[in-house]
Amino acid sequence: MTTFTAVQNISRRNVLKLFGAVGGGLALGASGLAWSPMAIAQEAIAQGKQAQLNIFIAIGEDNKVYLTCHRSEMGQGIRTGVPQVLADELEADWDQIVVVQGLADEEFGSQNTDGSRSIRKHYQKMRQMGATARSMLEQAAANQWQVSPSDVYAKAGKVHHKTNGKSLSFGELAIAASALPTPALDSVTLKPASKFTHIGKSPTIVDMDDMLNGQAEYGFDVKVAGMVHASITRPPVLGSDVATLDDSAARQVAGVLDVIQIPISKGAPLFQPLGGVAVIATNSWSALQGRKALNITWTESANSQYDSDADLAELVKRVGEPGTVIRQLGDSVTDWSDDNSLSVVYTVPYLTHAMMEPPAAAASVTKDGCELWASTQTPQSTQKNVAGVLGLKDEQVKVNVTLLGGGFGRKSKPDFSAEAAWLSQKIAKPVKLLWSREDEIQNGYYHAISAQHYQAKLDGNKAPTALLARTGFPSISSTFAEGVDMPSAGELDLGFSDMPFNLSQIQLESVKATAHSRIGWMRSVCNIQHGFGVGSFVDELAVNAGKPCINMWRELLGKPRQEKLENQVVKYGNYGETLEDFPIDIGRYLGVINAVEKAMAKQPKIKANQGWGFAVHRSFVSYVAVATLVEMDGDKLKVLKSIAAIDAGTVVNPDRVHSQTEGAIIFGLSLAMMGEISYKDGKVEQSNFHNYPLLRIGQSPEIETIIVESDAKPAGVGEPGVPPVAPSLTNAIFAASGKRYRDLPLSKVLKM
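None of these values were measured; they are calculated from a predicted model. (Residues numbered from 1 in each chain as written. Predicted model: local features only at pLDDT ≥ 70, side-chain atom pairs only at ≥ 80, totals over all residues. Heavy atoms only, no water.)

Asker: Report on the overall build of the chain, specifying residues and quantitative values.
Answerer: Tallying secondary structure elements over the chain gives 19 helices and 29 strands in all. A compact globule built from 752 residues should have a C-alpha radius of gyration of about 27 Å, and the chain, at 28 Å, falls within 12% of that. Seen through its principal axes, the chain has C-alpha atoms that stretch 85 × 75 × 45 Å. If you sum the accessible surface of the chain, you get close to 28700 Å²; carbon and sulfur atoms cover 51% of it. Taking the average place of the 71 positive charges on the side chains of the chain and the average place of its 78 negative ones, the gap between the two points comes to 2 Å. (Helix = DSSP H or I, 4+ residues; strand = E, 2+ residues; numbered from the N terminus. Rg over C-alpha atoms; globule rule 2.2 N^0.38 Å. Areas by Shrake-Rupley, 256 points an atom, 1.4 Å probe, with all protein chains shown as cover. Lys, Arg positive; Asp, Glu negative; His and termini not counted. Charge placed at Lys NZ, Arg CZ, Asp CG, Glu CD.)

Asker: Summarise the nonpolar core; cite the residues concerned and give the values.
Answerer: Looking at soluble globular proteins, one finds that nonpolar side chains tend to be buried together. Formed by 119 residues in total, the largest nonpolar core has its most connected members in Tyr454, Phe501, Trp553, Phe614, Leu637 and Leu729. Top contributing element to this core by residue count: helix 18 (residues 654-674), with nine residues. Among all residues touching Phe501, those that are not within four sequence positions of it are Leu467, Ile506, Val534, Val538, Trp553, Leu556 and Arg561. Among the nonpolar cores identified, the runner-up in size contains 40 residues, and Phe56, Leu67, Phe108 and Phe196 belong to it. (Core = buried A, V, L, I, M, F, W, Y, C linked by side-chain atoms within 4.5 Å. Buried < 20%, exposed > 50% of the residue type's maximum accessible area, 1.4 Å probe, protein only. Contact = heavy atoms within 4.5 Å.)

Asker: Outline helix 4 (residues 78-90), listing residues and values.
Answerer: Taking 1.5 Å of rise per residue, the 13 residues of helix 4 would be expected to cover 18 Å, and the 18 Å separating its terminal C-alpha atoms lies within 8% of that figure. Count one or two residues on from helix 4 and you reach Glu91, which has phi positive near 65°. (Expected span 1.5 Å × (residues − 1).)

Asker: Break down the sheet that holds strand 11 (residues 276-281) for me, citing the residues and quoting the values.
Answerer: Ordered by their spatial adjacency, seven strands build an open sheet running 10-11-8-18-15-16-17, and the pairing between neighbours is mixed. A single partner strand is all that each edge strand has here, and the edge strands are strand 10 (256-262) and strand 17 (397-401). Between one strand and the next, the sheet's axes are offset by a mean angle of 20°, whatever the strand orientation. By the bridge criterion, six bridges tie strand 10 to strand 11 in an arrangement that is antiparallel. (Pairing = 2+ DSSP bridges. Axes fitted to C-alpha atoms, helices over the stretch in contact; angles between N-to-C directions.)

Asker: Explain the packing of helix 11 (residues 379-390) against helix 12 (residues 415-427) residue by residue, including any values.
Answerer: At a minimum axis separation of 9 Å, helix 11 and helix 12 run at an interaxial angle of 35°. Where helix 11 crosses over helix 12, the handedness of that crossing is right-handed. For the pair helix 11 and helix 12, the contacting residues are Thr382, Val386, Val389 and Leu390 in the first and Ser417, Ala418, Ala421, Trp422 and Gln425 in the second. Its residues assigned to classes, the contact of helix 11 with helix 12 shows six nonpolar, three polar and no charged. (Left-handed = near helix turned anticlockwise from the far one by under 90°. Nonpolar A, V, L, I, M, F, W, Y, C, P; charged D, E, K, R; others polar.)

Asker: Give a description of the pairing of strand 14 (residues 341-348) that names residues and reports values.
Answerer: Remember that side chains alternate between the two faces of the sheet whenever the strand is regular. Burial within strand 14 is extensive, with six of its eight residues counted as buried. Looking at chain direction, strand 14 and strand 19 (residues 450-458) are connected through eight bridges and run antiparallel. Following the sheet pairing, Ser343 is matched in strand 19 by Gln455.

Asker: Can you break down the sheet that holds strand 14 residue by residue, with the values?
Answerer: One open sheet accounts for five strands, arranged 13-21-20-19-14; its pairing is mixed. Bordering the open sheet on either side are strand 13 (324-329) and strand 14, each of which pairs with just one other strand. Taken pair by pair, the neighbouring strands of this sheet meet at an average axis angle of 15°, ignoring direction. With eight bridges joining them, strand 19 and strand 20 (residues 464-472) adopt antiparallel strand pairing.

Asker: Could you give me a rundown of the packing of aromatic side chains, with the residues and numbers involved?
Answerer: Using the criterion set out here, one finds 16 aromatic pairs in the structure. With a centroid separation of 6.2 Å and an interplanar angle of 85°, the aromatic rings of Tyr446 and Tyr679 are classed as edge-to-face. Of this pair, Tyr446 sits in the loop between helix 13 (437-443) and strand 19 while Tyr679 sits in strand 27 (residues 679-680), and the two are 233 residues apart along the sequence. For the pair Tyr446 and Tyr679, a shared accessibility class is recorded, and that class is buried. Here a set of aromatic residues connected by ring pairs shows up, and it is made of Phe271, Tyr445, Phe480 and Trp521. The lysine or arginine in question, Arg234, covers the ring of Trp435, its NZ or CZ lying 3.8 Å from the ring centre. (Phe/Tyr/Trp six-rings, centres within 6.5 Å; stacked < 30°, edge-to-face > 60°. Lys NZ or Arg CZ within 6 Å of the ring centre and 35° of its normal.)

Asker: Can you break down the pattern of salt bridges residue by residue, with the values?
Answerer: Evaluation of the coordinates by the stated rule reveals 38 salt bridges. Linking Lys121 and Glu577 is a salt bridge whose minimum nitrogen-to-oxygen distance equals 3.4 Å. With Lys121 in helix 5 (residues 118-145) and Glu577 in the loop between strand 22 (562-563) and strand 23 (584-585), this residue pair connects regions lying 456 residues apart in the sequence. Relative accessible area serves as the criterion here: at 34%, Lys121 is assigned to the partly exposed category. (Salt bridge = Lys/Arg side-chain N within 4 Å of Asp/Glu carboxyl O.)

All quantities given are derived from atomic positions and should not be read as evidence of function.
See the structure below:
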């Protein structure tokens, strides 16, 4: 039976402690350390050599194989996926693997667990590191047997002689292997896919037992010796500050130790603390009760009169007027008329992450530095930002990463860790800071409000021949620089500038939008609104032409080809990948469309008040098509069935891909049906799940997911399933009822 240790955090200098802790003795620990590529890497780095790629693997004489996962686990299974790739090329025995959580360390490369890139960006490196270690073990065995390395092979935690039946375990070879030079990465031979032993399999995730028995440690579970608890009332309007404070009642609450005013940040929000008033107490309940007893008045700010309804109306007006051209194919259309065109506008409100576990961090600041425990998606950014707030060097901040009870991009903003660290430094004690649900919904980093205009020129058969589209939303860049009022190129690339339609005239524009809150990235980012707009508009074109939506998609996409977007103004970012490695492949669009169409054909005949909707979208270099079946009873909506097909290239863990796609459907339905953050007088109106609801079990449809087999490079998985969900839903509602809804959420006009 496979067993795993609980979450462990480790730095290179702590390898000895790790081996000592789990290996059973100092001798074993010391000898194990001698083999550790982590230690080799540390020494090499100190000598100016570059051996960083081996800091992920360590092997003990007890045959335990320690594989470091440098990414954050928030339910997506990355603490299983990364070790699967390492173990495959290493030829490790899965039952001997111990997964170690990496601390913040630039030697790991990027540790930002967002952008659906953990496997996409590290697949090749992990394979090379596993192969490097395997090669050293095979060489050590060959030396001992006085044979050529070509006479031996590694398999399931041992190195075997090809002819005489002898074998040595990895643990028996560890010391000898440690004395060998590390082969160059390019010199190692990687397996063909047909020989994979762990890649493509679906082992139970390594944290499953701890999650089920309550031993898994999340940010909310952290306990630090001598710690106190903090709860913060933050400014209700971005930019406002404490005008008056009466904390006399709060200080009378049993357990309250202190009340501290936190200064507001200057300039752009960045990841700085928002300011406000913190109540420090011996326990979290007293901190919360003391906070309720605070009597605070706030100053006015530039955002105090902000109204999101009025802002959305202004955005709708702006996307109806000429904007800044960001992509131009062919000449601009000059002969628009009602007779030969179709023109519509779609809107999406502010949205928030609403993950199960709100932000949480514990910090202990001493004269020597700061140690943090946080449910963070980005330990390196946490390290740098906390160091900046405290006036320390980066290396003086140690970041321990706990499991995350969901993230969706919120926990890649380390403001909550900066708050905990600032308070710990202020009172010279370890501080644990927990955000409440209300804190998160009212003081988060929000997915931007948006409006989009789509206009198509039609021929005599109502087939589109030209497209004009505009998008407007406050930019994420406004969180990092004052005065930004236009979407960035990177945001426009997300499902807008890369529309792959086979038309001779395409003109895409962006318009101005001012930010009034902290704008941040959320699962699938701008693909949310662009996927909704494009997916809805294609269906409207199909209805107008009297064709099935799937057929209109096929006509707009054209024949299989790789779309280059050349000589069209746009400089497409392609999610940080080259178009050579990850082309915009029309054939793969058609592949997921065909897969969903085939699955739909197997479904029972629908009833009179039911309808299917369809949409397809490429994001994070993956392709996902979604079909949704709904039933309408007057204004009551019931979602009956969702079918999703995903082409994410080479898949490491199919079970995780199915799971992430299922989660994306639930996430996308929640947003489309009920998600809305609104502002009045500069304040968020929602506060908890009663007025920012998520999809409940009784509202959830039957879900079928399909993985389209592919030998392409691994692509994103966590986010690509979200964008096509909303348009497939609204298209289904039109099919069932004849009513078109272009403004989300649907709960404004329908019952759920």
